[in-house]
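Remarks on the overall topology
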Amino acid sequence: MKKEIIINSTANEHRIAILEDGKPAELFVETPGKSRNVGDIYLGSVAKVMPGIKAAFVNIGMEQDAFLHFSDVGSIEEFNSLFEEDDDEKEADAIANNVTTTEEFEERKNIRSPQNIPQVNLQKGQDILVQITKEQIGKKGVRVRSAISLPGRFLVLIPFDGKVGVSKKLTNFKEKRRLRKLIRGILPEGFGAIIRTVAESKTEDMLKEDLEDLIKTWHNIEKLVKTEKAPALIYKDMDTTSSVIRDLFQDTVERVVVDDKKLYKEIRSYVQWISPDMLNRIEYFKDREPIFDKYEIEKEIQVLLSKKVWLKSGGYLYIEKTEAMTVIDVNSGRYAAKKEQELNSLRTNLEAAREVCRQIRLRDIGGLVIVDFIDLDDEKNKKKIYDEIKKEVRRDRAKVTVLPMTEFGLVQITRQRVRQSVQLSFSESCPMCGGTGLVQSKTSTINQIERWIRRFKSDKREFRLHLHVNPIIAEFLLQGTISRLMKMQIKFFVKLRLISDSSMPADEFKFFSIKQQKDITDQYK
């Protein structure tokens, strides 16, 4: 499989596309207002402990408190030891795999599961060091853990843990044994590490330099913990572009193409240190044609912003996001003769299965995904669809679970969610409908305003109010020879000054009392 990394950089946005056989498979977008925060470490303060849901909420200085599940809590003694002058060796059941990679320990006996959650003793107001593992998604705050890990190019450093693990993707037994022995020999007491796949064949000097940088970073974190007051950002992980090069630029990548000269030089400088033999794979894009147009990535971005995705067979996918799950409907698009229906349905379904897996990765859809395939009668054909999906999801770096097709033709997929879907990087909820696609009718909004005034007049003897509404509603109120606004004022014997506010949704309104000099909307809703 041919793999390439294409990077488009402007003053306001960085876009990174991972191509597989010439087609976009993953897309990363970073803008000033939506920067990456997975991997960042905070000194937080426990805001609330909720044993009923086996979780705590931690104030880390964000608008919403971070969510800390008890299964993600390390030993509190680990954190307390940061304040001690003489630190003894501590062991912790730290979750070994860092969120930026799918590499795991070979032996994970000590990883906590929801069924085996240790005794947690967290107190409100207690300081705690946490690391972000999932970005804020919708109204849910970030998810954090207190078992810290620091990713480097070749190693992931695990403070307070004496174990050494090796990536499962590294299969050469002799090389694994060499790396284990080497790392155990240079690791300071009280530290653990995971050896990443890219460490294969690397020299002791290269691994030692990577380890020394990670330990230096950890010592800086220790110093800041002793001087900072919660909530505070203690460590900022790499930006998206740097982390993609660190984690994904491996031997399987044929080339990296960059259209920004400064970024091109920075990447070359980094690769010169970590893998000088791969320098010839980094290219500076000089064409006048936009780089994402050249590689036909821009067209894919337009597709991922749409709910409908066409298939070469003439069928199409319809992708609908709900609060609880993502639903994908597979449609044949063309009618087939009944004698060929099963065969045509199978062909369309197989093509759809491959495209579903690609769209899930490209859009970075997490959580529960339900795929409604075209009906099939033959059980062998149903299994072919399941096998095809299982084969395709092996390419995905996120953890994916697939269940066999049900009797109703549904396939259930769960995918690890770390960040918001890519669509949210290019879009935001409509200020009119709040993202639902529907808005309340103008008549319903006017009726709500009238009911509000009726409640207000039954309680107060005020006669002058300011009414703030969306321009669409303002225009509707002023229509007619005797306008709706005038009729309302006569009916309720009140003087209304209409204020058009384009920042307000079409189904909302605000009333401001001249007498009380304040917003009184909520009092009579």
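What counts, and where the lines are drawn
Residues numbered from 1 in each chain as written. Predicted model: local features only at pLDDT ≥ 70, side-chain atom pairs only at ≥ 80, totals over all residues. Heavy atoms only, no water. Patch = residues over 30% accessible without salt bridge, like charges linked within 9 Å, V, L, I, M, F, W, Y side chains within 5 Å. Areas by Shrake-Rupley, 256 points an atom, 1.4 Å probe, with all protein chains shown as cover. Salt bridge = Lys/Arg side-chain N within 4 Å of Asp/Glu carboxyl O. Helix = DSSP H or I, 4+ residues; strand = E, 2+ residues; numbered from the N terminus. Buried < 20%, exposed > 50% of the residue type's maximum accessible area, 1.4 Å probe, protein only. Pairing = 2+ DSSP bridges. Axes fitted to C-alpha atoms, helices over the stretch in contact; angles between N-to-C directions. Contact = heavy atoms within 4.5 Å. Expected span 1.5 Å × (residues − 1). Polar contact = N/O pair within 3.5 Å; in protein donor to acceptor, adjacent residues only side chain to side chain. pLDDT = per-residue confidence, 0-100. Phe/Tyr/Trp six-rings, centres within 6.5 Å; stacked < 30°, edge-to-face > 60°. Lys NZ or Arg CZ within 6 Å of the ring centre and 35° of its normal. Core = buried A, V, L, I, M, F, W, Y, C linked by side-chain atoms within 4.5 Å.

**Section: a nonpolar patch on the surface**
- Taken together, the side chains of I482, M486 and I490 present a nonpolar region at the surface, about 310 Å² in accessible area.
- With respect to the helices, strands and loops of the structure, I490 is situated in helix α13 (residues 484-492).
- On the basis of relative accessible area, I490 is assigned to the exposed category, the value being 59%.

**Here we look at the sheet that holds strand β2 (residues 14-20)**
- Ordered by their spatial adjacency, 5 strands build an open sheet running β3-β2-β1-β14-β15, and the pairing between neighbours is mixed. Each edge of the open sheet is held by one strand with a lone partner, namely β3 (23-30) and β15 (282-284). Neighbour-to-neighbour, the strand axes of this sheet turn through a mean angle of 20 degrees, independent of strand direction.
- Here strand β14 (residues 253-258) runs beside β15; their pairing, made up of 3 bridges, is parallel. Bridge pairing in β15 places V256 opposite I282.
- Along the sheet, helix α5 (residues 261-274) contacts β1 (3-9), β14 and β15; its crossing angle with β15, the most-contacted strand, is approximately 165 degrees.

**Some thoughts on the sheet that holds strand β10 (residues 155-159)**
- Strand order in this open sheet of 4 strands is β9-β10-β12-β11, and the pairing throughout is mixed. Whereas interior strands pair on both sides, the edge strands pair on one side only; in this sheet they are β9 (150-151) and β11 (164-166).
- The pairing of β9 with β10 spans 2 bridges and is antiparallel. Of the residues in β10, the one forming a bridge with P151 is V156.
- In the packing of helix α2 (residues 173-186) onto the sheet, the strands contacted are β10, β11 and β12 (191-195), and the crossing angle to β11 comes to about 155 degrees.

**Topic: α5**
- Spanning 14 residues, α5 covers 20 Å between terminal C-alpha atoms, matching the ideal 20 Å at 1.5 Å per step.
- Of the surrounding elements, those touching the buried residues of α5 are β1, α3 (204-227), α4 (240-248), β14 and β15.
- Between a side-chain oxygen at the N-terminus of α5 and the backbone nitrogen of K262 the separation is 3.3 Å; the capping residue is D260.

**Section: unusual backbone geometry**
- Between A230 and P231 the backbone carries a cis peptide bond, its omega angle lying at 0 degrees.
- With respect to the helices and strands, P231 occurs in the loop between α3 and β13 (232-235).
- Not every positive phi belongs to a glycine, and D364 is a case in point at roughly 55 degrees.
- Assignment of secondary structure puts D364 in the loop between α8 (341-363) and β19 (367-372).

**Observations regarding the confidence of the model for the protein chain**
- In the predicted model, the protein chain carries a mean pLDDT of 83, and the fraction of residues at 70 or more is 85%.
- Per-residue pLDDT stays below 50 along residues 83-114; that stretch engages in 77 contacts with residues further than four places along the chain or on separate chains.

**Some thoughts on the packing of aromatic side chains**
- Across all of its chains, the model carries 11 aromatic pairs by this definition.
- An angle of 85 degrees between the planes, with centres 5.6 Å apart, marks the rings of W452 and Y524 as edge-to-face. Within this pair, whereas W452 is found in helix α11 (residues 442-459), its partner Y524 is found in the segment after β25 (518-519), the two being separated by 72 residues in sequence. Both residues of the pair, W452 and Y524, count as buried.
- On the basis of an interplanar angle of 85 degrees and a centroid distance of 5.5 Å, the ring pair of F456 and Y524 is categorised as edge-to-face. In this pair, F456 sits in helix α11 while Y524 sits in the segment after β25, placing the two residues 68 residues apart along the sequence. Both residues of the pair, F456 and Y524, count as buried.
- Taken together, the aromatic side chains of W452, F456, F509, F511 and Y524 make up a single cluster linked through ring pairs.
- The aromatic ring of F476 is capped on one face by K442, whose charged end is 5.8 Å from the ring centroid.

**A look at the nonpolar core**
- Counting residues in hydrophobic clusters, the biggest one holds 34 residues, and the most contacted among them are L157, I183, W218 and I221.
- Taken together, the elements giving at least two residues each to this core come down to β4 (41-50), β10, β11, α2, β12, α3 and β13.
- By residue number, the principal contributor to this core is α3, which donates 8 residues.
- By size, the runner-up hydrophobic cluster in this structure holds 27 residues, among which are V309, V330, F373 and I389.

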